[in-house]
Amino acid sequence: MTVQNFGTFEVKKKMERIMMNPTTGQRMLVPPKLTLNFKISPTWKDQLKNGGTE
Amino acid sequence: MERISIQELAAVLVTKSGLKKKEAERFATVMFDVVKEGLSADRQVKIKGLGTFKVIDIDSRESVDVNTGERMVIEGHDKITFTPDATMKELVNKPFSQFETVVLADGVDFTGDEDEELEVDIENDMEPEPEPVGAPVLIEEPEPVEEPAEEPAPRNPPRA
């Protein structure tokens, strides 16, 4: 979902993966999931880059 | 991927909240402007049921120009991050909500396994894994090519 001059919200699918706790050595299988991702629009991004903190 | 516009968003608002179409559209447009303003002013904007937008300061760093290979400096700048809140995360992940993280027993190895059954239920919305090929695929033998009447390697001298 794109909002002009603001950004885009996108649903991304993450594959399952194996994670390990380095301290305990315990391994876990994290299931696949859907995440919400936000990407800033180029217009706004430029404004930030040029102006620094507005 | 669908591209949803502010108008469509506003239409949903109308259905859900009883706002008039014009009000809903104005609200949807202004809401994002407010987020931008809030970020300029406070560096962080939290919307309940949606998530948190934050302004992150990125320090200058040295890098290399990809085209010339010259060393260059990427100036310090701001970056906007968004983290969905718990409600939103659940809503987005709904088709996969039945999955759980499981602890693996020692010695279990999932790398490269495609036909192992996993300890999860696969229901409707899950994309089906491609089935491992069980039945042998029939490959048609190409018809034996008849030998050409002429010699494949020309005996004639190569053309000048």
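**Student:** Can you tell me about empty space enclosed by the protein, naming the residues and giving the values?
**Tutor:** Residue and element names in this part refer to chain A. Enumeration over the complete set of coordinates arrives at 2 cavities of 30 Å³ or more. For the second largest cavity, the full set of lining residues is K14, M15, R17, V30, P31 and K33. Taken together, the residues that form the lining of the second largest cavity break down as 3 nonpolar, no polar and 3 charged.

**Student:** How would you explain the pattern of salt bridges if you had to name every residue and give the values?
**Tutor:** Residue and element names in this part refer to chain B. Counting across every chain of the model gives 5 salt bridges over all chains. The residue R43 makes a salt bridge to D57 at a minimum N-O spacing of 3.5 Å. Separated by 14 residues along the polypeptide, R43 in the loop between helix 2 (21–42) and strand 1 (44–47) and D57 in strand 2 (residues 51–58) bring together distant segments of the chain. Within this structure, R43, D57 and D78 form a network of salt bridges that share partners.

**Student:** Before we move on, can you summarise the packing of aromatic side chains with the specific residues and values?
**Tutor:** For the structure shown, the criterion picks out 11 aromatic pairs over all chains. Centre to centre, the rings of F9 of chain A and F82 of chain B are 5.3 Å apart; their planes meet at 85°, and the pair counts as edge-to-face. Here the residue F9 of chain A occupies a position in strand 2 (residues 7–14), and F82 of chain B occupies one in strand 5 (residues 77–84), the pair thus bridging two chains. Residues F53 of chain B and F82 of chain B carry aromatic rings whose centres are separated by 4.8 Å and whose planes lie at 40° to one another, so their mutual orientation is tilted. Placement of the pair is F53 of chain B in strand 2 and F82 of chain B in strand 5, with a sequence separation of 29 residues. For the pair F53 of chain B and F82 of chain B, one class covers both residues: buried.

**Student:** Explain the interface of chain B and chain A to me, using residue names and the numbers behind them.
**Tutor:** Between chain B and chain A, the contact holds 37 residues from the first and 31 residues from the second. Summed over both partners, the interface of chain B with chain A buries about 3,200 Å², with 70% contributed by carbon and sulfur atoms. For the pair chain B and chain A, the interface holds 0 salt bridges. At the junction of chain B and chain A, the tally comes to 4 residue pairs in polar contact (both at pLDDT 80 or more). For the side of chain B that touches chain A, the secondary structure elements donating two or more residues are helix 1 (6–17), helix 2, strand 5, helix 3 (86–93) and strand 6 (102–104) of chain B. The residue inventory of the side of chain B that touches chain A, partitioned by class, reads 24 nonpolar, 5 polar and 8 charged. Looking at chain direction, strand 4 (residues 27–30) of chain A and strand 6 of chain B are connected through 3 bridges and run antiparallel. Counterpart to L29 of chain A in the pairing with strand 6 of chain B is V102 of chain B.

**Student:** Can you explain the packing of helix 1 of chain B against helix 2 of chain B? Please cite residues and give values.
**Tutor:** Residue and element names in this part refer to chain B. Viewed as axis vectors pointing N to C, helix 1 and helix 2 meet at an angle of 120°, and their least axial separation amounts to 8 Å. In terms of orientation, helix 1 and helix 2 fall into the oblique class. With respect to the hand of their crossing, helix 1 and helix 2 are arranged in right-handed fashion. Where helix 1 approaches helix 2, its residues I6, Q7, L9, A10, L13 and V14 are matched on the opposing element by K21, A24, E25, F27, A28, T29 and F32. Looking at the contact of helix 1 with helix 2, its residues break down into 9 nonpolar, 2 polar and 2 charged.

**Student:** With reference to specific residues and values, describe the environment of N93 of chain B.
**Tutor:** Checked against the element boundaries, N93 of chain B lands in helix 3. On the basis of relative accessible area, N93 of chain B is assigned to the buried category, the value being 18%. Setting aside residues no more than four positions away along its own chain, N93 of chain B makes contact with K33 and L34 of chain A.

Scoring rules and cut-offs
- Residues numbered from 1 in each chain as written.
- Chains lettered and ligands numbered in written order.
- Predicted model: local features only at pLDDT ≥ 70, side-chain atom pairs only at ≥ 80, totals over all residues.
- Heavy atoms only, no water.
- 1 Å grid on protein atoms, 1.4 Å probe; cavity = no way out; pocket = protein on both sides within 12 Å on 5 of 7 lines; lining within 4 Å.
- Points joined across faces, edges and corners; volume = space filled by probe spheres on them.
- Nonpolar A, V, L, I, M, F, W, Y, C, P; charged D, E, K, R; others polar.
- Salt bridge = Lys/Arg side-chain N within 4 Å of Asp/Glu carboxyl O.
- Helix = DSSP H or I, 4+ residues; strand = E, 2+ residues; numbered from the N terminus.
- Phe/Tyr/Trp six-rings, centres within 6.5 Å; stacked < 30°, edge-to-face > 60°.
- Buried < 20%, exposed > 50% of the residue type's maximum accessible area, 1.4 Å probe, protein only.
- Contact = heavy atoms within 4.5 Å.
- Buried area = accessible area lost by both parts, 1.4 Å probe.
- Polar contact = N/O pair within 3.5 Å; in protein donor to acceptor, adjacent residues only side chain to side chain.
- Pairing = 2+ DSSP bridges.
- Axes fitted to C-alpha atoms, helices over the stretch in contact; angles between N-to-C directions.
- Parallel < 35°, antiparallel > 145°, perpendicular 65-115°, else oblique.
- Left-handed = near helix turned anticlockwise from the far one by under 90°.

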